[in-house]
Amino acid sequence: MILEFLRQHTLAVIATSSRDGRPEAAAIDFSVRDDLAIVFDTFEHTRKFANLSDQSHVALVIGWDNGITIQYEGEAAKVSADDLERYQEAHIKSVPAEREFVEKGAVVFRVEPRWIRYSDYTRTPPDVIELRF
């Protein structure tokens, strides 16, 4: 159910923090892998790239419309050179608009989930599912 919900979305808000603890949040396009890992890209000149270079911990919010949302926490890392082409292809297949960014040299990241909470507030009582990894 969680994987299906994530696959219905391509937009998330990601929160990172700088070395000195200053928070930063940004909207990103993302794709999801079968193992619930999130994939996104960003350019080296962005604050999120600088933050991820110092702190790998991230939080994301996905699907804030229609009363259903996922909160997602994990560890972000650049996709290795050995895996890059495969990840780029899958990411672009899921989010075709990302082709332009990948072709311009955006760095691809993979986020390994550590905690996920799925909340459906359209039900009474709400359905809440938590996963810890």
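Structural data are supplied above this passage.
Being a predicted model, the structure only gives us computed values, none of them experimental.

Among the residues making up helix H2 (residues 47-54), those that are buried are Lys48, Phe49, Asn51 and Leu52. All buried residues of H2 fall inside an arc of 165° around its axis, so they share one side.

What follows concerns the environment of Ala90. Within the secondary structure, Ala90 is located in helix H3 (residues 81-94). Overall, Ala90 belongs to the partly exposed group, its relative accessible area being 33%. Each C-alpha atom of the pair Ala90 and Pro126 lies 33 Å from the other, and the pair is 36 residues apart in sequence.

The next point concerns the pairing of strand E6 (residues 68-78). Walk down a regular strand and you will see the side chains alternate between the two sheet faces. Bridging between strand E5 (residues 57-62) and E6 involves six bridges; their strand directions are antiparallel. When the bridges of E6 are listed, His57 appears paired with Glu75. The loop that links E5 with its antiparallel partner E6 comprises five residues; one of these, Gly63, has a positive phi angle of about 75°. Pairing between E6 and strand E7 (residues 107-120): eleven bridges, direction antiparallel.

Glancing now at the packing of aromatic side chains. As enumerated under the stated definition, the model contains four aromatic pairs in all. With a centroid separation of 6.0 Å and 75° between ring planes, the pair formed by Phe49 and Phe109 is classed as edge-to-face. Linking Phe49 in helix H2 with Phe109 in strand E7, this pair joins segments that are 60 residues apart in sequence. No difference in accessibility class separates Phe49 from Phe109, as the two residues are buried. Feature note: the residues Phe40, Phe49 and Phe109 constitute an aromatic cluster, connected by ring pairs. The ring of Tyr87 is capped by Arg33, whose NZ or CZ atom sits 4.0 Å from the centre of that ring.

Cut-off values and rules
Residues numbered from 1 in each chain as written. Predicted model: local features only at pLDDT ≥ 70, side-chain atom pairs only at ≥ 80, totals over all residues. Heavy atoms only, no water. Buried < 20%, exposed > 50% of the residue type's maximum accessible area, 1.4 Å probe, protein only. Helix = DSSP H or I, 4+ residues; strand = E, 2+ residues; numbered from the N terminus. Arc of directions from axis to C-beta. Pairing = 2+ DSSP bridges. Phe/Tyr/Trp six-rings, centres within 6.5 Å; stacked < 30°, edge-to-face > 60°. Lys NZ or Arg CZ within 6 Å of the ring centre and 35° of its normal.

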